[in-house]
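Okay, here's what each chain looks like letter by letter:
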Amino acid sequence: MKLLREILFPLIAVIAAFVIGGIVVLIIGDSPIQTYKLLIGSAFSWPDGIGYTLFLATPLIFTGLAVAVAFRCGLLNIGAEGQLYIAAFAAAWVGIKFGGISVGLPGAPPVNTPYASLPMLILVPLCCIAAVGAGAIWGGIPGLLKARFGSHEVINTIMLNFIAVALVSYFTQYHYKVPGDAIMQSAEISSKAHIARLGKFIPGLPERIPLNLAFILAILACVFVYVLLWKTKWGYEIRATGQNPSAAEYGGISIRKQIILAMAISGGLAGMVGINEVLGYRYRYYDGFSADYGFVGIAVALLGRNHPVGVFLAAILFAILLRGGIFVDAFTMKVSKDIVQVLLGILIVLVASEAMFRGPLKKFALIKRAKV
Amino acid sequence: MIELRNITKRFGAVLANDQVSFSVAPGTIHAIVGENGAGKSTAMRIAYGFYTADGGEILINGQPHQIRTPHDAIALGIGMVHQHFMLVEPMTVAENIVLGAEPGSAASLDLKKAVAEIRKVSDEFKLSVDPNATIESLSVGQQQRVELLKALYRHAQLLILDEPTAVLTPQEVEEFFAILRRMREQGKTIIIITHKLSEVLAISDDVTVMRDGKVVGNVKTSETNAAELARLMVGREVLLRVEKPDAKPGSPVVKIDRLSINGRDGTKRLNDVSFEVRAGEIVGIAGVEGNGQTELIEALAGLIPGSYITGKISFEGNDVTNADARRRKELGIAHVPEDRHRRGLLLDSSLAENTILGVHYRKPAVTGPGNIFLDDKGIRSRTEQVIHDFDVRPPNPMLTARSLSGGNQQKLIIGREFELPPKLLLVSQPTRGVDIGAIEFIHRKIVALRDAGCAVLLVSAELEEVTALSDRLLVIHNGQIVGEVDPRAVTNEEIGLMMTGGHK
């Protein structure tokens, strides 16, 4: 019953958003059915549609989980964006530094250094640890500031976003770019630091589609978050703190510790985006790679009700829409891909104003029960 | 004056008012009694226009009226004083009173006229309130009189008072009742909502008893007594007195030595307090709320940072002044907090998750390597134990704590703390907002714990509760223990005097 309610409401919101969006399309002067066919249908073609949609969903699962974990502790992590930038750069840095690549010599392309790359079995985990660790530290800082000085995490995470973006841009530009490269990107990481694309294991899925092992990691992260939050004593402490800090304190739980812990875990999850981006997709740090993943993650967590299963489903829905927008742009007469933003906007408003709809919904349920 | 006819109000699945009917004669004081959740406040809020009834009608002076908002109610001469005052602290009495009905034109506020008017009303009823004083400089009792003035200034003929004595000392209650009697003499009609039977008998002319949203009795006060009212309220015979054998105190369990606590604003909340509690005795702390009781209990529970504390707390001979809350629980210090919603419960979590709060990190709540994982089976059996032993209803471990009534929430907390098992029980306001049936149950459990050799420190704003339960009674005023009295021999007046800083 409770499960049904948890699923039912977001579902109604999604359907309502599509209905309202359909009216908008109609007003603009296109056929809603054709638009939605393009928007959603394109996601289910094999292998490109499914492959790219899941690839696009991967970072959103990570950031959605990141926001959800912080939220369960009563914290709003607006800083997933900064955390994932720092993490991606850290992963690339390890992949370059310990991958036997030398950069930064004026006028020269990257060369192999005297020392060879670490073997793959060490380098890949090391890069992953660097990404998660860097994200955790970047997320842990606002946690620490809140625990120590009581400064608000929303302000601090927003500020740290700017610092993160500027910081990694600086390092890319002045230290890790291939000299002469016109694009703001680092040198390529060692091939020993690459993780496999799923096309390698799945027949029919070409390896040009960048869906990679990070997607499997995303599923594991969902399981991890679920077990952590609901099956361990640590998760209990995080949730107790989020629900009622006074009661948690009364129960002998250190609120400060929980705040730092939750923000660090949140940052670590956001940092996993770097694994997908650097180790699985571009094999280098590419400045400005994030399509607002950190911010979209807030909406994903909201729609997914801060539950790993919900986050997973919401991330896939967002990925479908974001990718489908391209086809809407290309194949309709008047509607542009901005219709996706309209849909997402309506969706978020509907979900956020849930309380408004809860009442009628409840009444409806009561009437039904009374009749039975 | 006012008559409610078949008022019905439903909140979701709950029938808060079911065909509520009663009438109040002009110039009388009418008490409405009932347990928490009986629907008293709901009925009065409907009369004042806060809620709209789903059915039924309200007659004022024999005429049916639609009261949709408090504005309608005020226009009809109805005033209401809420349990929690609705006053703007930094503003003056006069400013607060005219708020929403400012005299003068839109551009200029004619406060002088208002002050004169207020003074006239104040004198008429002998309220002795200075219209130019700021609210924050007034005592709680005076603030309540400002609320009365507010209603009188708007020419209220009918005053509805929601639990008006909850915040007052015994002396203030006497004064307050004198004011009510004067108002009755002047022809005002008063409805007073309360659950204290002694006050009903002392002040009212008629009583309406409510239970489960229904009116179960309309009686004349002169023709009833406390036992009958209690039986009507609860629906069965109730033991109003706590029956307990004499205490057999053992060795001291907790010793408090020159304990002082500073508030965050630097003021002293507790000033040089020393006493001890022995095994097998209940030590009560009587005092007006906000005189350091909260801080004392929280300091003993380990919830106040060491930097705010001076002095020493020893538990069974060991210095625990710097031990944190978790350590103290492990030592056997259980704590039933005064505010169960703020401190005691995770309202949106299940009863199961609430029964392990504080012991969630050790057996039987955890299992697996390093005791990391929550043990659903262990938690469930513990929860079922608490639910069974403390008669928590409904007995479903998966319900949220929020869905329980106040009494059952309190039983859940007490059950959780009793399961520790405690050597020292800190219990604050154990029966606040709890219905009479559960009060009796909780009192018996506390006495049983004492008889099993536990030391109990009890804080309560209900004088009757502390005097009935305690073996020794300390009186606190302004952060200091001003005396110890024998709870069997002392009168309410004596304690009341000490509570307000007078001498023994």
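Small disclaimer: the values here were computed from a predicted structure and weren't measured. (Residues numbered from 1 in each chain as written. Chains lettered and ligands numbered in written order. Predicted model: local features only at pLDDT ≥ 70, side-chain atom pairs only at ≥ 80, totals over all residues.)

> Before we go on, may I ask you to explain the overall build of chain B in this structure?
For chain B, the helix and strand inventory stands at 17 helices and 22 strands. If one aligns the C-alpha atoms of chain B with their principal axes, the spans along those axes are about 70 × 50 × 45 Å. Out of the 504 residues belonging to chain B, those deemed buried represent 44%. Within chain B, contacts between residues at least 6 apart in sequence are counted, and of these 67% link residues at least 24 apart. (Helix = DSSP H or I, 4+ residues; strand = E, 2+ residues; numbered from the N terminus. Buried ≥ 20, exposed ≤ 12 C-beta atoms within 10 Å, placed from the backbone. Contact = placed C-beta atoms within 7 Å.)

> I tried to follow the overall build of chain A on my own but got confused; where do I start?
Across its full length, chain A carries 14 helices and 2 strands. Its C-alpha atoms give chain A a radius of gyration of 22 Å, near enough to 21 Å, the size a compact globule of 372 residues would have. When each of the 372 residues of chain A is scored for burial, the buried share is 52%. Here the analysis covers contacts within chain A between residues at least 6 apart in sequence; of these, 76% occur between residues at least 24 apart. (Rg over C-alpha atoms; globule rule 2.2 N^0.38 Å.)

> Quick question: what am I supposed to make of unusual backbone geometry here?
In this structure, the amide linkage connecting A:W46 to the following residue, A:P47, adopts the cis form with an omega of 0 degrees. Note that A:P47 resides in the loop between α2 (32-41) and α3 (48-72). Despite not being glycine, A:D292 has its phi angle at roughly 55 degrees, a positive value. Structurally, the position occupied by A:D292 is in the loop between α10 (255-282) and α11 (293-303). Take A:D292: there are 12 C-beta atoms within 10 Å of it, and that puts it in the exposed class. Residues other than glycine seldom take positive phi values, yet B:E316 does so here, at roughly 50 degrees. Within the secondary structure layout, B:E316 lies in the loop between β14 (309-315) and β15 (318-319).

> I tried to follow the nonpolar core on my own but got confused; where do I start?
Buried together is how nonpolar side chains tend to be arranged in soluble globular proteins. Counting residues in hydrophobic clusters, the biggest one holds 146 residues, and the most contacted among them are B:A47, B:I160, B:L424, B:L426, B:V456 and B:L458. The contacts of B:L458, once residues within four sequence positions are left out, are B:I282, B:V283, B:G284, B:I285, B:V427, B:V466, B:L469 and B:S470. (Core = buried A, V, L, I, M, F, W, Y, C linked by C-beta atoms within 7 Å.)

> Sorry, what's going on with the sheet that holds strand β12 (residues 268-278) of chain B here?
Backbone hydrogen bonds hold the strands of a sheet together, and the pairing may be parallel or antiparallel. Residue and element names in this part refer to chain B. Spatially, 4 strands are ordered β12-β11-β14-β15 in an open sheet, and the strand pairing comes out antiparallel. Looking at strand neighbours, the two that pair on one side only are β12 and β15, the edges of this open sheet. With 7 bridges joining them, strand β11 (residues 252-262) and β12 adopt antiparallel strand pairing. Within the sheet, the bridge partner assigned to I261 lies in β12 and is L270. (Pairing = 2+ DSSP bridges.)

> It is not clear to me how the interface of chain B and chain A should be interpreted in this structure. Could you clarify?
Counting residues at the interface gives 24 residues for chain B, matched by 15 residues for chain A. Mapped by element, the contributors of at least two residues to the side of chain B that touches chain A are α10 (325-331), α11 (340-344) and β18 (373-374) of chain B. Considered class by class, the residues forming the side of chain B that touches chain A number 13 nonpolar, 5 polar and 6 charged. (Nonpolar A, V, L, I, M, F, W, Y, C, P; charged D, E, K, R; others polar.)

> Sorry, what's going on with the sheet that holds strand β4 (residues 55-60) of chain B here?
Residues and elements named next belong to chain B. Judged by pairing direction, the sheet is antiparallel, and its 4 strands sit side by side in the order β2-β1-β4-β5 without closing on themselves. With partners counted over all chains shown, the strands left at the sheet margins are β2 (14-24) and β5 (63-65), one partner each. Each strand axis lies, on average, 30 degrees off the axis of its neighbour in the sheet, ignoring direction. Where strand β1 (residues 2-11) lies against β4, 5 bridges are found, and the strand directions are antiparallel. Bridge pairing links L4 to I58 in β4. Running at roughly 115 degrees to β1, helix α1 (residues 40-47) makes contact with β1, β2 and β4 of the sheet. (Axes fitted to C-alpha atoms, helices over the stretch in contact; angles between N-to-C directions.)

> Looking at this structure, how should I read the confidence of the model for chain B?
Parts of the prediction with low pLDDT should not have their coordinates interpreted in detail. Averaged over every residue, the pLDDT of chain B is 89; residues scoring 70 or more account for 98%. Model confidence for the complex is summarised by a pTM of 0.81, with the ipTM given as 0.85. (pLDDT = per-residue confidence, 0-100.)

> What exactly am I supposed to notice about the packing of α3(A) against helix α12 (residues 308-331) of chain A here?
How two helices sit against one another is set out by the angle between their axes and by the gap between those axes. Residue and element names in this part refer to chain A. The geometry of α3 relative to α12 is characterised by a closest axis approach of 7 Å and an angle of 135 degrees between their N-to-C directions. Our classification of the angle between α3 and α12 gives oblique. In this structure, α3 crosses over α12, and the sense of that crossing is right-handed. Listed contacts from α12 to Y52, T53, L56, A57, L60, I61, G64, L65 and A68 of α3 are P308, V311, F312, A314, A315, I316, F318, A319, I320, L322 and R323. Looking at the contact of α3 with α12 residue by residue, the classes come out as 17 nonpolar, 2 polar and 1 charged. (Parallel < 35°, antiparallel > 145°, perpendicular 65-115°, else oblique. Left-handed = near helix turned anticlockwise from the far one by under 90°.)

> Explain α1(B) to me, please; I cannot follow it from the model alone.
Given 3.6 residues to a turn, an α-helix orients residues that are three or four positions apart in the same direction. Judged by how many residues are buried, α1(B) sits mostly within the fold: 8 of 8 residues are covered. Residue B:G49 follows α1(B) closely and has a positive phi angle near 85 degrees.

> Hey, could you run me through the pairing of strand β19 (residues 424-428) of chain B in this one?
All names here are of chain B. Counting buried residues along β19, 5 of its 5 residues qualify, which places the element largely inside the surrounding structure. Residue alternation in β19 divides its side chains into two sets, L424, L426 and S428 and L425 and V427, and both sets are buried. Of the pairings in the sheet, the one linking strand β16 (residues 333-336) to β19 comprises 4 bridges and is parallel in character. If you follow H335 over to β19, its bridge partner there is L426.

> Please explain α2(A) as it appears in this structure.
For α2(A), the complete set of buried residues consists of A:T35, A:L38 and A:L39. Along the axis of α2(A), the buried residues cluster in a sector spanning 95 degrees; they form a single face. (Arc of directions from axis to C-beta.)

> I keep staring at the confidence of the model for chain A and nothing clicks. Help me out?
On average, residues of chain A carry a pLDDT of 90, and 90% of them reach 70 or more. Taken together, the stretch residues 366-372 of chain A has pLDDT below 50 and engages in 2 contacts with residues farther than four places along the chain or on a different chain.

> Please explain the environment of B:V88 as it appears in this structure.
All names here are of chain B. Mapping V88 onto the fold places it in the loop between β6 (78-81) and α3 (93-98). For V88, a count of 12 C-beta atoms within 10 Å translates into the label exposed. Residues in contact with V88, not counting those within four places in the same chain, are N96 and I135.

> How do you make sense of the environment of B:N291 when you look at a structure like this?
Residues and elements named next belong to chain B. With respect to the helices, strands and loops of the structure, N291 is situated in the loop between β13 (282-286) and α9 (293-301). Among the residues examined, N291 registers 23 C-beta atoms within 10 Å and is labelled buried. Put simply, N291 and R269 are 22 residues apart on the chain and 7.2 Å apart in space, counted from C-alpha to C-alpha. Ignoring anything within four residues of it in the chain, the contact list for N291 reads I476, H477, N478 and G479.

> Mind showing me how you'd approach the packing of α11(A) against helix α13 (residues 338-352) of chain A here?
Residue and element names in this part refer to chain A. Two elements in contact, α11 and α13, have axes whose closest approach is 10 Å; the angle formed by their N-to-C orientations is 50 degrees. It follows from the interaxial angle that α11 and α13 lie oblique. α11 and α13 meet at a crossing whose hand is left-handed. Of the residues in α13, those in contact with A299, L302 and L303 of α11 are L344, L347, I348, V351 and A352. Taken together, the residues that form the contact of α11 with α13 break down as 8 nonpolar, no polar and no charged.

> Got a minute to help me understand the pairing of β14(B) in this structure?
Regular strands place their side chains on alternate faces of the sheet. Residue and element names in this part refer to chain B. Of the strand pairs in this sheet, β11 and β14 are connected by 6 bridges, and their pairing is antiparallel. Residue pairing for β14: S260 is matched across the bridge by T310. Note that β14 and β15 share 2 bridges and pair antiparallel. Along β15, the bridge assignment pairs F315 with N318.

> What am I meant to see in the environment of A:S246 here?
Following the sequence through the fold, A:S246 ends up in helix α9 (residues 245-250). Here A:S246 falls in the partly exposed class, since 16 other C-beta atoms lie within 10 Å of it. Residues A:S246 and A:L217 lie 29 residues apart in sequence; the distance between their C-alpha atoms is 36 Å. Setting aside anything within four residues of it in sequence, one finds A:S246 in contact with B:R342 and B:R343.

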